[in-house]
Amino acid sequence: GAYGDASPELSRTKLDEYTANPNAVRLPADALKAGATYRFTITVGFASSMRINSSATAELAVGAQDLVASVSGGVERTVAIGDTVRLDGSGSYDPDENDDDGDVSYAWTVAALDGETLELLSDEPTANEAVLEFVPAESAGWTGGATYTFALTTSRGARSASTSVLIF
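Residues numbered from 1 in each chain as written. Predicted model: local features only at pLDDT ≥ 70, side-chain atom pairs only at ≥ 80, totals over all residues. Heavy atoms only, no water.

**A short note on the packing of aromatic side chains**
Think of a pair of aromatic rings as described by two things: how far the centres are apart, and how the planes are tilted against each other in angle. Enumeration over the complete set of coordinates arrives at five aromatic pairs. Aromatic side chains Trp-142 and Phe-150 sit 6.0 Å apart centroid to centroid with 10 degrees between the ring planes, which places their arrangement in the stacked category. Accessibility expressed as a relative area gives 6% for Trp-142, which makes it buried. Looking at Phe-150, the relative accessible area reads 1%, which means it is buried. Through a chain of ring-to-ring contacts, the aromatic side chains of Phe-134, Trp-142, Tyr-148 and Phe-150 assemble into a single cluster. (Phe/Tyr/Trp six-rings, centres within 6.5 Å; stacked < 30°, edge-to-face > 60°. Buried < 20%, exposed > 50% of the residue type's maximum accessible area, 1.4 Å probe, protein only.)

Structure, rendered in structure tokens:
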């Protein structure tokens, strides 16, 4: 059948609403599900009988948008050894809101400014959560006066996005 058997977001009622003007079909930005393919068929003919008509079919594949990775509070921070550091990536999101891809996951990594990847977050319980909170201590390997790059990678299904923050 037609009219949204596989996609309830495009029901017959909604399709009638979107095609109220017989000369144009205008769909809102969120009317079609990302990752789905839709087939549209239009038939035109004489309104009085529809005996003489012509049809055309088009398939529309809706692509997925990129995830958005975001850390609140800016791209640079200055902290001291012993200060509590809180990096909040909870503003990251999936513009498609495609729950079929599972939950959004988070991974924080840290590197020294020279590019050396560090294991300083390996014992941090929040390294795989939206909000990373920790206290840098020299005994744990942190160096005062150094610059660190914290990267947040968000993932959902096969898609991912990254952003970073410099900590001085």
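Don't stop here, the text continues.
**Structural notes on the nonpolar core**
Leu-87, Val-110, Leu-121, Trp-142 and Phe-150 are the most contacted members of the largest nonpolar core, which has 20 residues in total. For this core, the elements supplying multiple residues, two or more each, are β4 (85-88), β5 (105-112), β7 (131-134), β8 (148-156) and β9 (159-167). Looking at which element gives the most residues to this core, the answer is β5, with four residues. (Core = buried A, V, L, I, M, F, W, Y, C linked by side-chain atoms within 4.5 Å. Helix = DSSP H or I, 4+ residues; strand = E, 2+ residues; numbered from the N terminus.)

**Points about unusual backbone geometry**
Negative phi characterises most residues that are not glycine, and trans characterises most peptide bonds. With a phi angle near 50 degrees, Glu-97 is a residue other than glycine that sits in the positive phi range. Inspection of the secondary structure puts Glu-97 in the loop between β4 and β5.

**Section: the pattern of salt bridges**
For the structure shown, the criterion picks out eight salt bridges. A salt bridge links Arg-159 to Asp-101, with the shortest nitrogen-to-oxygen separation between them at 3.3 Å. Placement of Arg-159 in strand β9 and of Asp-101 in the loop between β4 and β5 is noted, with a sequence separation of 58 residues between them. Within this structure, Asp-94, Asp-96, Asp-99, Asp-101, Arg-156 and Arg-159 form a network of salt bridges that share partners. (Salt bridge = Lys/Arg side-chain N within 4 Å of Asp/Glu carboxyl O.)

**Describing the pairing of β9**
Two faces make up the sheet, and in a regular strand the side chains alternate between them. Relative to β9, strand β3 (residues 76-77) runs parallel, the two sharing two bridges. By the bridge assignment for β9, Glu-76 is matched with Leu-166. In this structure, β8 lies alongside β9, joined through nine bridges in antiparallel fashion. Its bridge partner being in β9, Thr-149 is matched across the sheet by Leu-166. (Pairing = 2+ DSSP bridges.)

**Notes on the side chain of Asp-88**
Within the element layout of this structure, Asp-88 appears in strand β4. One buried charged residue, Asp-88, remains without a salt bridge, the closest side chain of opposite sign being Arg-86 at 4.3 Å. A distance of 2.6 Å separates a polar atom in the side chain of Asp-88 from a polar atom in the side chain of Ser-90. Apart from the residues within four sequence positions on either side, Asp-88 is in contact with Ser-70, Val-71, Ser-72, Ala-130 and Val-131. (Lys, Arg positive; Asp, Glu negative; His and termini not counted. Polar contact = N/O pair within 3.5 Å; in protein donor to acceptor, adjacent residues only side chain to side chain. Contact = heavy atoms within 4.5 Å.)

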